[in-house]
Amino acid sequence: MLRTEEMLLNVGPQHPSTHGVFRLVLKIDGETIVEAKPVIGYLHRGTEKLAEDLQYTQIIPYTDRMDYVSAMTNNYVICHAVETMMDIQVPERAEYLRVIAMELGRVASHLVWFGTFLLDLGATSPLLYAFRERESIINLLNELSGARLTFNYMRVGGVKWDAPEGWVDKVREFVPYMREQLKGYHSLVTGNEIFTNRVIGVGTYTKEDALNYSLSGANLRCTGVKWDLRKDEPYSIYDRFDFDVPVRETGDAWARYHVRLDEIEESLKILEQACEQFPAEGAILAKVPKIIKAPKGEAFVRIESPRGEIGCYIASDGKKEPYRLKFRRPSFYNLQILPKLLEGETISNLISILGAVDIILGEVDG
Amino acid sequence: MSGEKDLDQLKKEAAAKAKAAALAKMKAKEQGEAQEESQSEDLDIAKQKAAAAAKAKAAALAKMKAKEQADAQEEGVPEDLDAAKQKAAAAAKAKAAALAKMKAKEQADAKEEGVPEDLDAAKQKAAAAAKAKAAALAKMKAKEQADAKEEGAPEDLDAAKQKAAAAAKAKAAAAAKAKAAALAKQAGGAGDDEKAKAIAAAKAKAAAAAKAKAAANAGGGAGDDAKAKAIAAAKAKAAAAAAAKAKAGGGSAKADPVEEKPSPNQPYLDKYMKVIEEHLGKDLIEDSYINRLSKDVPTIIAKPESYFKMAEFLKYNEQLGFDYLSELHGSDFETHMEVYVHLYSFKNSQSVALKVKLDRDEPVIDSLEPLWAGANWPECEAYDLLGIKFTNHPNLHRIMLGEDWVGHPLRKDYEPYDVEV
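Residues numbered from 1 in each chain as written. Chains lettered and ligands numbered in written order. Predicted model: local features only at pLDDT ≥ 70, side-chain atom pairs only at ≥ 80, totals over all residues. Heavy atoms only, no water.

*Asks:* So what's going on with the overall build of chain B? Residues and values would help.
*Replies:* Of regular secondary structure, chain B possesses 10 helices and 7 strands. Relative to its 421 residues, chain B shows a buried fraction of 39%. Taking the contacts inside chain B whose residues are at least 6 apart along the sequence as the reference set, 57% of them involve residues at least 24 apart. Accessible surface for chain B amounts to roughly 23,400 Å². Of this, 55% is attributable to carbon and sulfur atoms. (Helix = DSSP H or I, 4+ residues; strand = E, 2+ residues; numbered from the N terminus. Buried < 20%, exposed > 50% of the residue type's maximum accessible area, 1.4 Å probe, protein only. Contact = heavy atoms within 4.5 Å. Areas by Shrake-Rupley, 256 points an atom, 1.4 Å probe, with all protein chains shown as cover.)

Here's what the structure looks like:
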């Protein structure tokens, strides 16, 4: 056997497969990773500090830039936190618009993950397909909110814009189209032997590990924990829809891949039902004071984002700005398990393991 | 030229102190790196660190004074000072500036006329705290009086009569509105219920206030007029609010605890408290309550010394089984630091919020990393942004800002450090 020497290998912060500005300092022995040290914070913008000088409505655009692949759920979590504190009832039509927007966002987010994950593994064409479908979602959300990615769509008490004429029908038409495309993805990727060789049994962890590391979302459900806040702590109007929570038992990258693709299907189910039940008319914004002041006290709410459990903690002293604002960012928590997963792995598995976690650096760094 | 002499002397003193502080800090750090696990050694380090911090503070104060005396004279740090000194001095400066700013803010908040600047920090702080306390007390008293809702204060017969009439009218109006709301609710969905109620309550309040005003205007003499008006309006408002509240049930989160329906999570909190008291005793808990603003989450405030034990118990006790750490973060509440932990039990589908209050000047608490590996980075974040130190943490470092950052930005007295300034 060849005698090898330990050496340091730096990955990132501009490495293309780190999805942003994530840096990884590896100590390697030949092909084997001895130790992995994630270095984060390159994208830390001090949102929580800035928010202490901003009114609640002014904070919403900042949340767009946290998880910029799924901004709708971020918009929702802060509105939901303030609404919970102020005990505001959101009008029906607004709730449906929110749910449709969030589920479209979830599908788009999973599509981005699907495309980039396969790109990391060396398959370029799935990215093109995934981004084509994502483009139609972005166009829909653009029609709704006027922005492609940073929507700034939701408000405390409802949403900013009503759906334009015929928009809900467009969403309705999108659902079967997306279902058809999903079949294409499966026949293109899922059965591919090169792909399966790189994900089956790679980056495996147990249910106990997942709970210990506070993982959430697909990273938790891939170990068999059937846990989805939309189902288990229903918020908004999610208790009205019939959908399933996809789980897998094996806890490897393969399981996470399946959970995410299945989640797209479940989101399509929700979209279908939401379009069906969509109220023909009604208010899109509850009667809220011009200047929103959360009552004195504190609240922590959590909802299900595409990446897991996103939470918002607000401590208020009754003023129009929050006294302290904190986001529980799922990517930040999910990434913690990475050093453990990489230890003893080969470098060739590194990208597959990192990619399967599905991180957004804007969210990791806050 | 005694001023200059003083200045030089002060500068020298400050530099010497800063040096001593830096040395002490370095020593403390070295000792910390030696990784002595024993509790007494840790205590020593903490003590030394505290001493070092105190010294640095004193140095900063002295320096600030010196600077004031020097007026516009630019104050360059002597070049022969070594790097450690410079860093210490800069840090001290930043701290002093932050202190000054905080003080200024406190003064502004209390609408003070200007405490002499040469008063020392401790005095000012104490005074501000005392004032805040007094204000809070006064507020509480006022609130109590309002809540007491004594009908018929025997100060003024006219006023009392008006009050009674206004209150009755307001009550009637509120009741009617509430009834209407209830009817509307039956027609509409359950979701609209509370909103309608809230609107009804608000309307009733407004109506009652207006009526009371009208009554007071009609009846009162010139002298009594204003007083009567005010009293009547206040009473009517209170009565209307009470009536509306009674009808609305748990509609408002800030309702009086007396009239509030018990939270659906109250039995859970009672159960947790019972189990904890049975196994750990009563004196581990500082406070416990249902946080109505936060979806009725049972909240337990642990004492700092029992925080880890409590978390461990919450996780491993068979009846509780909070096996999932959902969130951990710190907050600076100016009077104290706080660590907020949100735990979830998959077995019982229940959440609990565990909080602990820390000394703001020296926030040190046990790490939860040995219990939940997921607490690792959040604790680093709390250390980085707030300066809370977690003992027994495997790798407490500045996770967001980098090790060369000066200060902890989420602290309310944070002052950005800039080498150029």
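*Asks:* How would you explain the packing of helix 4 (residues 92–120) of chain A against helix 6 (residues 167–190) of chain A if you had to name every residue and give the values?
*Replies:* All names here are of chain A. Packing of helix 4 against helix 6 brings their axes to within 13 Å, and their N-to-C directions diverge by 25 degrees. By the criterion of interaxial angle, the relationship of helix 4 to helix 6 is roughly parallel. As helix 4 packs across helix 6, the resulting crossing turns out to be left-handed. Of the residues in helix 6, those in contact with Leu97, Ile100, Leu104, Val107, Leu111, Phe114 and Leu118 of helix 4 are Trp167, Val171, Phe174, Met178, Tyr185 and Val189. By residue class, the composition of the contact of helix 4 with helix 6 is 13 nonpolar, no polar and no charged. (Axes fitted to C-alpha atoms, helices over the stretch in contact; angles between N-to-C directions. Parallel < 35°, antiparallel > 145°, perpendicular 65-115°, else oblique. Left-handed = near helix turned anticlockwise from the far one by under 90°. Nonpolar A, V, L, I, M, F, W, Y, C, P; charged D, E, K, R; others polar.)

*Asks:* Would you mind going over helix 6 of chain A in detail, with residue names and values included?
*Replies:* Residues and elements named next belong to chain A. For helix 6, which comprises 24 residues, the first-to-last C-alpha distance of 33 Å matches the rise-based estimate of 34 Å (1.5 Å per residue) to within 8%. Looking only at helix 6, the buried set comprises Trp167, Val168, Val171, Phe174, Val175, Met178, Gln181, Leu182, Tyr185, Val189 and Thr190. Lining the buried residues of helix 6 we find helix 4, helix 5 (125–145), helix 7 (193–199) and helix 11 (253–277). (Expected span 1.5 Å × (residues − 1).)

*Asks:* Tell me about empty space enclosed by the protein, and please be specific about residues and values.
*Replies:* Residues and elements named next belong to chain A. One pass over the full model with this rule turns up 4 cavities of 30 Å³ or more. Together, Tyr68, Val69, Ser70, Ala71, Gly105, Ala108, Arg134, Ile138, Leu141, Leu149 and Phe151 line the largest cavity. Listed by contribution, the elements that provide at least two residues to the lining of the largest cavity are helix 4 and helix 5. A total of 3 residues in the lining of the largest cavity trace back to one element, the largest contributor, which is helix 5. Residue classes in the lining of the largest cavity are distributed as 8 nonpolar, 2 polar and 1 charged. (1 Å grid on protein atoms, 1.4 Å probe; cavity = no way out; pocket = protein on both sides within 12 Å on 5 of 7 lines; lining within 4 Å. Points joined across faces, edges and corners; volume = space filled by probe spheres on them.)

*Asks:* Before we move on, could you go through the environment of asparagine 219 of chain A and cite the residues and values that matter?
*Replies:* All names here are of chain A. Tracing the backbone shows asparagine 219 in helix 9 (residues 218–221). Residue asparagine 219 is classed as buried on the basis of its relative accessible area of 2%. For the pair asparagine 219 and aspartate 358, spaced 139 residues apart in sequence, the C-alpha separation works out to 8.6 Å. Those residues within four positions of asparagine 219 in sequence are excluded, and the remaining contacts are Tyr205, Ala210, Arg256, Arg260, Asn334, Ala356 and Val357.

*Asks:* Please give an account of the pairing of strand 2 (residues 297–302) of chain B that cites residues and values.
*Replies:* Residues and elements named next belong to chain B. A large share of strand 2 lies buried, amounting to 6 of its 6 residues. By the alternation rule, side chains of strand 2 split into Val297, Thr299 and Ile301 and Pro298, Ile300 and Ala302, which are all buried. Here strand 1 (residues 285–291) runs beside strand 2; their pairing, made up of 6 bridges, is antiparallel. Residue serine 288 lies in a different strand from strand 2, and its bridge partner there is isoleucine 300. Across 4 bridges, the pairing between strand 2 and strand 5 (residues 350–358) is parallel. Across the sheet, alanine 302 pairs through a bridge with valine 356, a residue of strand 5. (Pairing = 2+ DSSP bridges.)

*Asks:* Give me the lowdown on a negative patch on the surface, citing residues and values where you can.
*Replies:* A cluster of acidic side chains, namely Asp283, Glu286, Asp287 and Glu305 of chain B, defines a negative patch on the protein surface. Within the secondary structure, aspartate 287 of chain B sits in strand 1. (Patch = residues over 30% accessible without salt bridge, like charges linked within 9 Å, V, L, I, M, F, W, Y side chains within 5 Å. Salt bridge = Lys/Arg side-chain N within 4 Å of Asp/Glu carboxyl O. Lys, Arg positive; Asp, Glu negative; His and termini not counted. Charge placed at Lys NZ, Arg CZ, Asp CG, Glu CD.)

*Asks:* I'd love a proper account of unusual backbone geometry, names of residues and values included.
*Replies:* Not every positive phi belongs to a glycine, and serine 214 of chain A is a case in point at roughly 55 degrees. Mapping serine 214 of chain A onto the fold places it in the loop between helix 8 (207–212) and helix 9. Assessed through its relative accessible area of 0%, serine 214 of chain A is described here as buried. Notably, serine 349 of chain B is not glycine yet its phi reads approximately 50 degrees, a positive angle. Tracing the chain through its elements places serine 349 of chain B in the loop between strand 4 (337–345) and strand 5. For serine 349 of chain B, a relative accessible area of 47% corresponds to the partly exposed category.

*Asks:* An account of the interface of chain A and chain B is needed here, citing residue identities and associated values.
*Replies:* Each partner contributes residues to the interface: chain A has 45 residues there, and chain B has 48 residues. Taken over both partners, the interface formed by chain A and chain B buries close to 4,000 Å², and the fraction arising from carbon and sulfur atoms is 55%. The largest contributions to the chain A side of the interface with chain B come from Glu298, Phe300 and Tyr323 of chain A, which together make up 17% of the buried area. Summed over the shared surface of chain A and chain B, the result is 4 salt bridges. Glutamate 381 of chain B is paired through a salt bridge with arginine 329 of chain A; the nearest N and O atoms lie 3.2 Å apart. The interface formed by chain A and chain B contains 27 residue pairs in polar contact (both at pLDDT 80 or more). (Buried area = accessible area lost by both parts, 1.4 Å probe. Polar contact = N/O pair within 3.5 Å; in protein donor to acceptor, adjacent residues only side chain to side chain.)

*Asks:* Could you give an account of the environment of arginine 329 of chain A, with specific residues and numbers?
*Replies:* Tracing the chain through its elements places arginine 329 of chain A in the loop between strand 8 (324–328) and helix 12 (330–334). Looking at arginine 329 of chain A, the relative accessible area reads 1%, which means it is buried. On a C-alpha basis, the gap between arginine 329 of chain A and isoleucine 310 of chain A in space is 5.3 Å, while along the polypeptide they are 19 residues apart. Beyond its immediate chain neighbours, meaning those up to four positions away, arginine 329 of chain A contacts Glu48, Met66, Glu363, Val364, Asp365 and Gly366 of chain A together with Glu381 and Met400 of chain B.

*Asks:* Can you lay out the sheet that holds strand 2 of chain B for me, pointing to particular residues and giving the numbers?
*Replies:* All names here are of chain B. One open sheet holds the 5 strands; their spatial order is 1-2-5-4-3, and the pairing between them is mixed. Edge positions in the sheet fall to strand 1 and strand 3 (324–332), since each has one partner strand and no second. Here the average twist between neighbouring strands, direction ignored, is 20 degrees. Strand direction decides the pairing type here: strand 3 and strand 4, joined by 8 bridges, are antiparallel. Of the residues in strand 4, the one forming a bridge with glycine 330 is valine 339. Sheet strands touched by helix 10 (residues 376–386): strand 3 and strand 4. Its angle to strand 3, the strand with the most contacts, is close to 5 degrees.

*Asks:* Any details on the packing of aromatic side chains? Residues and values, ideally.
*Replies:* All names here are of chain A. The final tally for this structure, using the stated rule, is 25 aromatic pairs over all chains. Taken together, a centroid distance of 6.2 Å and an interplanar angle of 35 degrees make the contact between phenylalanine 114 and tyrosine 257 tilted. Taken together, the residues phenylalanine 114 in helix 4 and tyrosine 257 in helix 11 connect sequence positions 143 residues apart. Residue phenylalanine 114 shares its accessibility class with tyrosine 257, and that shared class is buried. (Phe/Tyr/Trp six-rings, centres within 6.5 Å; stacked < 30°, edge-to-face > 60°.)

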